[in-house]
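Chains, contacts and geometry: an overview
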Amino acid sequence: MISNKKKIFFKGSYFPPGDKSISHRIIILGSQAVGKSIVTNLLEGEDVLNTIKVMCELGANIKKKSNKFIIYGLPPGSLFQPKKKLDFGNSGTGIRLIAGLVSSNNIKTVLIGDKSLNSRPMKRVTEHLSRTGSIIKLKNNFYPPINIKGVGNAIPLNFEIKIPSAQIKSSIILSSLNTNGLVKIKEFRSTRDHTENMLKSMGYNIKVKHDENYRYIELKNDRLLKPIKYQVPGDPSSAAFLITGACLLPGSKLLVKNILFNKTRIGFIETLKSMGGNIKVIKKKKLNNETVADIFVDQKRNLKSVLVKSSKIPLQIDEVPILSIAASFANGISIFKGLKELTVKESNRLDLIHKNLLKIGVKSEVKGFDLYIHGNNKLKKGNANIIHNHDHRIVMAFYVANLICEKRNIIKDKSCVNTSYPSFFKDITKFLN
Ligand code: S3P
């Protein structure tokens, strides 16, 4: 396949780093449980480390002891008045979730972030939180800093969420932890449900029902959260870079151990399989209401093109950058529909994917919010200067693209991978033969 390049493939037994979404949530919810919670395999990326610092500023006691994080929490409603602004760095999950948590506590605070976070929409979260009685101000009515004057007696309400976003839902759920009465949420079924699963594991009174399209959540504030022992499963969104790399390189045999296999997170595996990726589940188990698996990529053939419908995008929203690299090398035109949410991530990912694909020699078109990639299994020219605007997933995706380019692309300042996957370069080197 890669005729004028040395044949390379992925091989070995790989443990992806701890899941980022779950790591944020266990730090926040552990901090709301009175007693000692013990967390292993926490992701120690910059985003999660910022969440730890913020929760300590709000009164939690979180310490690392050998490979464990020990959390002593406070009961809901008793967060400390922070002495300084709460800094979330690059993390949309951190700022949005903790905005919800502080909004129902009697404290006044300012939530800030870096240049990228300061250009991301927050109204989608705060318009819901303001209804409960907290007073919230945004820059230009839209962006961080978020100024919050929380209320200790937030009003229990019914919420309907119109954007498929786990961050909006989780922000409302966290505000409801200190809301007396019944809170009801209706949202799209396709968003990740780790907050709900963790609350169930911690003995909280939460009921979740669903029909084909929607999820209905009811939270009754009549029970405290119990401390928990939690082993964070491997992050499918981080593993996606090596898994896709393995599917792109026939001859690869990559065993991925202990990966989070929650249905709302593995849309990219279904997409790779329909492209001809040979991925098999070896073992599956349930741990704290989450499914965890060992999977094996045994790739023999080149990939073929795919059509991903917009209804399936939320199940693989963070994996579109790396899937666009898979599509570039798959014979035929691949179409990813309904990528509007991709334009408001750590960067405008739709724009950066499109521009960088063109630069490395792949025909790409954007029509509305749909992405068309004209793929074939020939080497791409490469030799491009990748524009990434310090977006970790763009850097990692185009680093993998180097495997299919004749000449290496230049990626300047790759330090942003530390937000989600500090050992990325080490892992990719270790498993590439
Ligand atoms: C996340 C939810 C998603 C995802 C993000 C992490 C979470 O964002 O893109 O990387 O942990 O809740 P949205 O909820 O805005 O879709």
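Small disclaimer: the values here were computed from a predicted structure and weren't measured.

**Overview of empty space enclosed by the protein**
For the coordinates displayed, the defined rule picks out one cavity of 30 Å³ or more. Quantified by volume, the largest cavity comes out at close to 30 Å³. In terms of lining, the largest cavity is formed by Thr132, Ile155, Pro156, Leu157, Phe159, Ile172, Ser175, Ser176, Thr179 and Val183. Of all the elements, helix α5 (residues 166–176) adds the most residues to the lining of the largest cavity, at three residues. For the lining of the largest cavity, the residue count by class is six nonpolar, four polar and no charged.

**Some points on the packing of aromatic side chains**
Enumeration over the complete set of coordinates arrives at eight aromatic pairs. With a centroid separation of 5.5 Å and 65° between ring planes, the pair formed by tyrosine 421 and phenylalanine 424 is classed as edge-to-face. Across this residue pair, the class does not change: tyrosine 421 and phenylalanine 424 are buried. Measuring from centroid to centroid gives 5.0 Å for phenylalanine 424 and phenylalanine 425, while their planes differ by 70°, and the two rings are edge-to-face. Overall, phenylalanine 424 belongs to the buried group, its relative accessible area being 0%.

**Focus: the site of the ligand**
The local shell around the ligand consists of Ser21, Arg25, Thr93, Pro164, Ser165, Ala166, Gln167, Arg192, Ile317, Asp318 and Lys345. In this structure, arginine 25 approaches the ligand through a side-chain N or O atom, which is 2.7 Å from an oxygen atom. One of the backbone N or O atoms of alanine 166 is found 2.9 Å from an oxygen atom in the ligand. Relative to its unbound accessible surface of 380 Å², the ligand loses 95% to contact with the protein.

**A look at the sheet that holds strand β13 (residues 229–231)**
Across the sheet, which stays open at both edges, the four strands sit in the order β3-β4-β2-β13 with mixed pairing between neighbours. The open sheet terminates on both sides in strands that have one partner only, identified here as β3 (61–65) and β13. Averaged over all neighbouring strand pairs, the angle between strand axes comes to 20°, with direction disregarded. In this sheet, strand β4 (residues 68–72) lies alongside β3 in antiparallel orientation, the contact comprising five bridges. From the neighbouring strand, isoleucine 62 faces β4, where its bridge partner is isoleucine 71.

**Quick notes on α5**
One turn of the α-helix equals 3.6 residues, which is why residues spaced by three or four share an orientation. Most of α5 sits inside the fold, with 11 of its 11 residues counted as buried. Among the residues of α5, those classed as buried are Ala166, Gln167, Ile168, Lys169, Ser170, Ser171, Ile172, Ile173, Leu174, Ser175 and Ser176. Where α5 begins, one side-chain oxygen reaches toward the backbone nitrogen of glutamine 167, 3.3 Å away; that side chain belongs to serine 165.

**A word on the nonpolar core**
Ranked by internal contacts, the top residues of the largest apolar core, which has 69 residues, are Ile243 and Phe398. Membership of the second largest hydrophobic core comes to 60 residues, among which are Leu43, Val54, Leu117 and Ile217.

**Describing the sheet that holds strand β9 (residues 158–160)**
Read from one edge to the other, the open sheet built from four strands follows the order β9-β10-β12-β11, with strand pairing classed as mixed. In the strand order of this sheet, the two ends are held by β9 and β11 (206–210), each with one partner. Taking the axes of each pair of neighbouring strands and ignoring which way they run, one obtains an average angle of 15° across the sheet. One ladder, built from five bridges, connects β11 with strand β12 (residues 214–220); its direction is antiparallel. Counterpart to histidine 210 in the pairing with β12 is arginine 215.

**Some details on the packing of helix α1 (residues 20–30) against helix α2 (residues 46–57)**
Taken N-terminus to C-terminus, the directions of α1 and α2 make an angle of 10°; their axes are 9 Å apart at the nearest point. Put simply, α1 runs roughly parallel to α2. Taking contact as the criterion, the partners of Lys20, Ser23, His24, Ile27 and Ile28 in α1 are, on α2, Asp47, Val48, Thr51, Ile52 and Met55. For the contact of α1 with α2, a count of residues per class yields five nonpolar, three polar and two charged.

**What to know about the domain arrangement of the chain**
Here the chain is described as being made up of domain 1 (20–231) and domain 2 (233–431). A C-alpha centroid distance of 28 Å is found between domain 1 and domain 2. In this assembly, 30 residues from domain 1 lie in contact with 26 residues from domain 2. Summing both sides of the interface, domain 1 and domain 2 together bury roughly 2400 Å²; the carbon and sulfur share of this comes to 44%.

**Observations regarding the layout of surface pockets**
Reported here for the second largest pocket is a volume of approximately 390 Å³. When grouped by side-chain class, the residues that make up the lining of the second largest pocket number three nonpolar, 10 polar and six charged. Composition of the lining of the second largest pocket by domain shows at least three residues from each of domain 1 (20–231) and domain 2 (233–431).

**Quick word on the packing of helix α9 (residues 320–328) against helix α11 (residues 392–401)**
One way to put it is that α9 packs onto α11 with a least axis distance of 8 Å and a crossing angle of 20°. Between α9 and α11, the angle falls in the class roughly parallel. Of the two possible hands of crossing, α9 and α11 adopt the one that is right-handed. Judged by residue contacts, Pro321, Ile322 and Ile325 of α9 engage Arg393, Ile394, Ala397, Phe398, Val400 and Ala401 from α11.

**Some remarks on a positive patch on the surface**
A contiguous patch of positive charge, built from Arg189, Lys200, Lys263, Lys273, Lys280, Lys284 and Lys286, is present on the exposed surface. It is strand β15 (residues 279–287) that provides the largest number of residues to the positive patch, a total of three residues. Following the sequence through the fold, lysine 273 ends up in helix α8 (residues 267–274).

**Some remarks on unusual backbone geometry**
A cis geometry characterises the amide bond from proline 144 onward to proline 145, with omega recorded as 0°. Tracing the chain through its elements places proline 145 in strand β8 (residues 143–149). Positive phi, normally seen in glycine, also occurs at asparagine 140, with a value near 50°. Checked against the element boundaries, asparagine 140 lands in the loop between β7 (135–139) and β8. Residue asparagine 140 is classed as exposed on the basis of its relative accessible area, which comes to 64%. The phi angle at aspartate 413 is positive, at roughly 50°, despite the residue not being glycine.

About the thresholds
Residues numbered from 1 in each chain as written. Predicted model: local features only at pLDDT ≥ 70, side-chain atom pairs only at ≥ 80, totals over all residues. Heavy atoms only, no water. 1 Å grid on protein atoms, 1.4 Å probe; cavity = no way out; pocket = protein on both sides within 12 Å on 5 of 7 lines; lining within 4 Å. Points joined across faces, edges and corners; volume = space filled by probe spheres on them. Helix = DSSP H or I, 4+ residues; strand = E, 2+ residues; numbered from the N terminus. Nonpolar A, V, L, I, M, F, W, Y, C, P; charged D, E, K, R; others polar. Phe/Tyr/Trp six-rings, centres within 6.5 Å; stacked < 30°, edge-to-face > 60°. Buried < 20%, exposed > 50% of the residue type's maximum accessible area, 1.4 Å probe, protein only. Near = heavy atom within 4 Å. Polar contact = N/O pair within 3.5 Å; in protein donor to acceptor, adjacent residues only side chain to side chain. Areas by Shrake-Rupley, 256 points an atom, 1.4 Å probe, with all protein chains shown as cover. Pairing = 2+ DSSP bridges. Axes fitted to C-alpha atoms, helices over the stretch in contact; angles between N-to-C directions. Core = buried A, V, L, I, M, F, W, Y, C linked by side-chain atoms within 4.5 Å. Parallel < 35°, antiparallel > 145°, perpendicular 65-115°, else oblique. Contact = heavy atoms within 4.5 Å. Domains from an automatic or database assignment. Buried area = accessible area lost by both parts, 1.4 Å probe. Left-handed = near helix turned anticlockwise from the far one by under 90°. Patch = residues over 30% accessible without salt bridge, like charges linked within 9 Å, V, L, I, M, F, W, Y side chains within 5 Å. Salt bridge = Lys/Arg side-chain N within 4 Å of Asp/Glu carboxyl O. Lys, Arg positive; Asp, Glu negative; His and termini not counted. Charge placed at Lys NZ, Arg CZ, Asp CG, Glu CD.

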